[in-house]
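Structure assessment
Now for the letters of each chain:
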Amino acid sequence: MLFALICKDKPDHLQVRLDTRPEHVAFLNDLNAKDALKFAGPFLDGEGKPDGSLVVIEAADNAAAQAIAAADPYAKAGLFESVQVRPWNWVFNNPASG
C-alpha cells in the first residue's frame, strides 16, 4: 500500500534541513534500493526555499509507514512541525499501472 508523508518544516529551521540533508538523502537512497520509495521532494515557500517534504512510500500498513516517517533523519533532527501519514492511491500516470 502507498502512503504519502506530508511534512511541514518548523519556521526558521532551514539550516537544520541543510545540515541534515546528506543523511536524509542517504535514508531515501536506502528506501529506493529496497523499492519502498516511489518519489520524494521538497515543498517550496514563496521565495523558492524548501519548507517541507512530500515523500511517497510503499509500506505494509500504517504502522510500518509511521515507523519509516519517524526514522527519517529530518524527523530525528526535529525539523518538522507536523507530519501526516496518509494512505494514497496513485491513479494517474502511475508507471506501475502502465
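Up top you'll find the structure we're talking about.
What counts as what
Residue numbering note: each chain is counted from 1, following its sequence as written. Only residues with pLDDT of at least 70 get local features here, since the model is predicted, and only at 80 or more are side-chain atom pairs given and counted; chain-wide, interface and lining totals rely on the full set of residues. Excluding hydrogens and water, the side-chain values take into account all heavy atoms of the structure. Secondary structure elements follow DSSP: runs of H or I no shorter than four residues count as helices, runs of E no shorter than two count as strands, and numbering proceeds from the N terminus. Think of it in three bands: with a 1.4 Å probe and only protein chains considered, a residue is buried below 20% of the maximum accessible area for its type, exposed above 50%, and partly exposed in between. For this document, the term salt bridge refers to a Lys or Arg side-chain nitrogen within 4 Å of an Asp or Glu carboxyl oxygen. Centres within 6.5 Å are what make two rings of Phe, Tyr or Trp a pair, Trp counting through its six-membered ring; a difference in plane orientation under 30 degrees is then read as stacked, over 60 as edge-to-face, and the rest as tilted. As used in this record, nonpolar core signifies buried Ala, Val, Leu, Ile, Met, Phe, Trp, Tyr and Cys residues forming a set joined through side-chain atoms within 4.5 Å. Any two residues whose heavy atoms approach within 4.5 Å are treated as being in contact.

So, unusual backbone geometry
For D12, which is not glycine, the phi dihedral falls at a positive 60 degrees. Considering the arrangement of structural elements, one finds D12 in the loop between strand 1 (2-9) and helix 1 (14-33). Phi is positive for D35, close to 60 degrees, though the residue is something other than glycine. Considering the arrangement of structural elements, one finds D35 in the loop between helix 1 and strand 2 (37-44). Classification of D35 as exposed rests on a relative accessible area of 58%.

Some points on the pattern of salt bridges
What the rule picks out here adds up to five salt bridges. The shortest N-O distance in the salt bridge between E58 and K38 comes to 3.3 Å. Of this pair, E58 sits in strand 3 (residues 50-58) while K38 sits in strand 2, placing them 20 residues apart in sequence. The exposure class assigned to E58 is partly exposed, which follows from its relative accessible area of 39%. For K49, the salt bridge identified is with E47, shortest N-O distance 3.6 Å.

Concerning the packing of aromatic side chains
Under the criterion given, the structure shown has four aromatic pairs. The interplanar angle of 80 degrees and the centroid separation of 5.8 Å between the aromatic rings of F39 and W88 together place this pair among those described as edge-to-face. With a gap of 49 residues between them, F39 in strand 2 and W88 in strand 4 (residues 80-88) connect regions that are remote in the sequence. The class of F39 is partly exposed, set by a relative accessible area of 30%.

Some points on the nonpolar core
Counting residues in hydrophobic clusters, the biggest one holds 18 residues, and the most contacted among them are L5, L31 and I57. Put simply, the parts of the chain that give this core at least two residues each are strand 1, helix 1, strand 3, helix 2 (62-71) and strand 4. Setting aside residues up to four positions removed in sequence, L31 forms contacts with A36, L37, I57 and I68.

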